[in-house]
Amino acid sequence: MLTMGLDIGSTACKSIILRDGEQILARSVVPLGTGTVGPRKAFGEALDLAGVARSEIDRILLTGYGRFSFDDADGQMSEVSCHARGIYFLLPSVRTVVDIGGQDVKALRLSEKGALENFVMNDKCAAGTGRFLGVMAGVMNVKTEDLGALSEGATEEVSISNTCTVFAESEVISRLSAGVRLADLTAGIHASVAKRVASLVFRGGVVRDVALSGGVALNRGVVRALARELKIDVLVHPDCQMAGAIGAALFARQQL
Amino acid sequence: MPDAMPELEEMLFELGEVASHPRRMLRQYLAAGKKVVGCMPVYTPEELAHAGGMTPMGLWGGQVTPSLAGKYNPVFTCSIMRSCLEYGMSGVYDGLGCVMMPMLCDTFRGMSAGWRAGVKAIPLVPFIHPQNRTDPGAPAFLTEEYRVVRALLEKHMHCEITDEALEKSIEVYNAHSAAMRSFASAANEHLDVITPAIRHHVFKSALFMPKEEHAARVLAIVRELRKRPTHVWKGKKVILTGITAEPEALLNVLAENGVAVTGDDLAQESRQYRTPIPEGGSPMERLPMERLARQWFDRRGCSMAHETRAARGRMLTDMAKETGADGIVVCLMRFCDVEEYDYPMIAAEAEKAGLHCLCLDIDQSTRDNGQSRTKIQSFVEMGM
């Protein structure tokens, strides 16, 4: 039995095809978000990679910010539920999931059986989100995906405010103008994100093990900074970016 | 109004019209020669205006992106205050004889200065509720504040407010509060009819209608509800707390996800009606101005009224248990520090009681509710 999960985020689309809710047949990540060709592309790529037709997929479930905007599916569920289910599939020991998405940050609490017990989400503010990192990368003229490696060369951490993305952007420009090293500035940006995210996680409570999901989890600098703020190891699965799509595919299997 | 609507639905539709068109109501009152007094939220002693023969109207702003108000109110302040000032400065509130404004939080202090500077055509009647509510001198202080309010109303509105008239107005307001409590109770038996938005309409319309008229309509609605068989709600139920649960689109998201509202602690809704104006014990306490002032000291579980022991969290969990609610939705007004301070205690109390606590960001100046939709849907999906 084949199911597909399509996670239509604000900055990227991820799709996954599962066989019998256990085996990953195909995965696709397209760095284009809702309102673009991204969802259709991620959808088609996963089908091509699995070598199956749409008609062979028994159920397709959407999730993510753009889950209401794609009509070739059988249903939708929230990204909160899907990330919880997806991370439990990837890392069953996890009880606290931190999902840093393009414009949302979520802290989820799971039961021992993987059920979503509680969650907290950020307000309408880009500080502490993937968008924050994207804006800062743009100001520094580096690629967002290169920020993690860049921060590894830091010798000190430059203090950057996390109150507001626009204020922080001005601070980064000011620091660049003062000749601060990019590596040190990047480390400061990661610390800024981590502090903002940690304050949200503390609201929901921290229960071991803790995992980071979403595309930002691929940034090693953010993972290190978050572990330091939470004073706890933060697990990252290689498929962390796919967690929402995996959760959607698992829910699709459950609904059959 | 749609044709052939049953009596209950017709009455609910009419209150929905009132709640959605306060400006239209203001124009009607002015055309009828009434003197209208604006009442800023909350705990404004409307009874004084009512006793003077005036028509009090609640001022709760609206969905607008302020521009003029930015001259006096920073962006990082409560959107109700900002939109009220915007409406004052742009002429939307023209026709009001004056505006009563309580200094219940720091934003109000700046707001009063902004109003005086930016809305010169509508005189301001400011007053202060004492936050130290256990000080023996506090009731006398508030009574004196209300005397000043009465004198200013008489001056600006060219009327007289007698003790006898105030006594009658107090009875009208107490009867109205009782009617609102009856409605809240009856609504819970008919959650198929009283959707979150309709419940909100019934409460919000009270802000723009004379209380005796509104109470009569609400009691008629309660009678019609009680004629119908009780409805068993199969979806989730929640308690709302906060300043407001607006915009209405947010309430519609609750309904779309099968969530009913079984109680509220919203400043715009039930919080105003749960504390009667006391009768008073001694002859002095039975004087109407004293009675009016003493209501403030009986109020419990409000972020704007200081309490030595925070009672709000427990009050909400008790309300949830009584009404069978699955969770508490904190409608957190953006940049409202007094509400922000209460949130961790509410969340902790909810967790202790085994209830989920959902926090929604409230901001009148935005129409996007994507994040709230995700939070509400996730709440419904919990346990799947």
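To be clear, the structure that these remarks concern was listed above.
About the thresholds
Residues numbered from 1 in each chain as written. Chains lettered and ligands numbered in written order. Predicted model: local features only at pLDDT ≥ 70, side-chain atom pairs only at ≥ 80, totals over all residues. Heavy atoms only, no water. Contact = heavy atoms within 4.5 Å. Buried area = accessible area lost by both parts, 1.4 Å probe. Salt bridge = Lys/Arg side-chain N within 4 Å of Asp/Glu carboxyl O. Polar contact = N/O pair within 3.5 Å; in protein donor to acceptor, adjacent residues only side chain to side chain. Helix = DSSP H or I, 4+ residues; strand = E, 2+ residues; numbered from the N terminus. Nonpolar A, V, L, I, M, F, W, Y, C, P; charged D, E, K, R; others polar. Axes fitted to C-alpha atoms, helices over the stretch in contact; angles between N-to-C directions. Parallel < 35°, antiparallel > 145°, perpendicular 65-115°, else oblique. Left-handed = near helix turned anticlockwise from the far one by under 90°. Pairing = 2+ DSSP bridges. 1 Å grid on protein atoms, 1.4 Å probe; cavity = no way out; pocket = protein on both sides within 12 Å on 5 of 7 lines; lining within 4 Å. Points joined across faces, edges and corners; volume = space filled by probe spheres on them.

Caption draft 1: Fine view of the interface of chain A and chain B. Each side of the interface is counted separately: chain A has 26 residues, and chain B has 22 residues. When chain A packs against chain B, the two sides together hide about 2100 Å² of surface, and 48% of this comes from carbon and sulfur. Remark: the boundary between chain A and chain B carries two salt bridges. Between the two partners, chain A and chain B, sit 11 residue pairs in polar contact (both at pLDDT 80 or more). Among the elements of the structure, α2 (79–90), β8 (116–121) and α8 (243–255) of chain A are those that each provide at least two residues to the side of chain A that touches chain B. Class assignment for the residues of the side of chain A that touches chain B results in 10 nonpolar, seven polar and nine charged.

Caption draft 2: Inspection of the packing of helix α3 (residues 130–140) of chain A against helix α6 (residues 182–204) of chain A at higher detail. All names here are of chain A. Taken N-terminus to C-terminus, the directions of α3 and α6 make an angle of 165°; their axes are 11 Å apart at the nearest point. Taken together, the axes of α3 and α6 are roughly antiparallel relative to one another. The crossing of α3 and α6 is right-handed. The residues of α6 that touch α3, namely those facing F132, L133, M136 and M140, are L182, L185, T186, I189, H190, S192 and V193. A per-class count over the contact of α3 with α6 returns eight nonpolar, three polar and no charged.

Caption draft 3: Quick look at the packing of helix α12 (residues 312–323) of chain B against helix α13 (residues 337–352) of chain B. All names here are of chain B. Where α12 contacts α13, the two axes come as close as 8 Å, and the packing angle between them is 50°. In terms of orientation, α12 and α13 fall into the oblique class. Crossing geometry of α12 relative to α13 is assigned as right-handed. When α12 is examined against α13, the residues R312, G313, R314, L316 and T317 are found in contact with a partner set consisting of E339, D342, I346, E349 and A350. Its residues assigned to classes, the contact of α12 with α13 shows three nonpolar, two polar and five charged.

Caption draft 4: Just the sheet that holds strand β7 (residues 327–333) of chain B, in detail. All names here are of chain B. Spatial strand order, β6-β5-β7-β8: four strands in an open sheet with parallel pairing. Two strands close off the open sheet at either side, each with one partner strand: β6 (259–266) and β8 (356–362). Between one strand and the next, the sheet's axes are offset by a mean angle of 25°, whatever the strand orientation. On top of the sheet, helix α14 (residues 370–381) reaches β5 (236–242), β6, β7 and β8; it is set at about 165° to β8, its chief contact.

Caption draft 5: Spotlight on the layout of surface pockets. All names here are of chain A. Here the second largest pocket is characterised by a volume of approximately 810 Å³. Elements supplying a minimum of two residues to the lining of the second largest pocket: α2, β6 (96–100), α3 and α4 (147–151). For the lining of the second largest pocket, the element with the highest residue contribution is α3, accounting for four residues. Grouping the constituent residues of the lining of the second largest pocket by class yields 10 nonpolar, 16 polar and nine charged.

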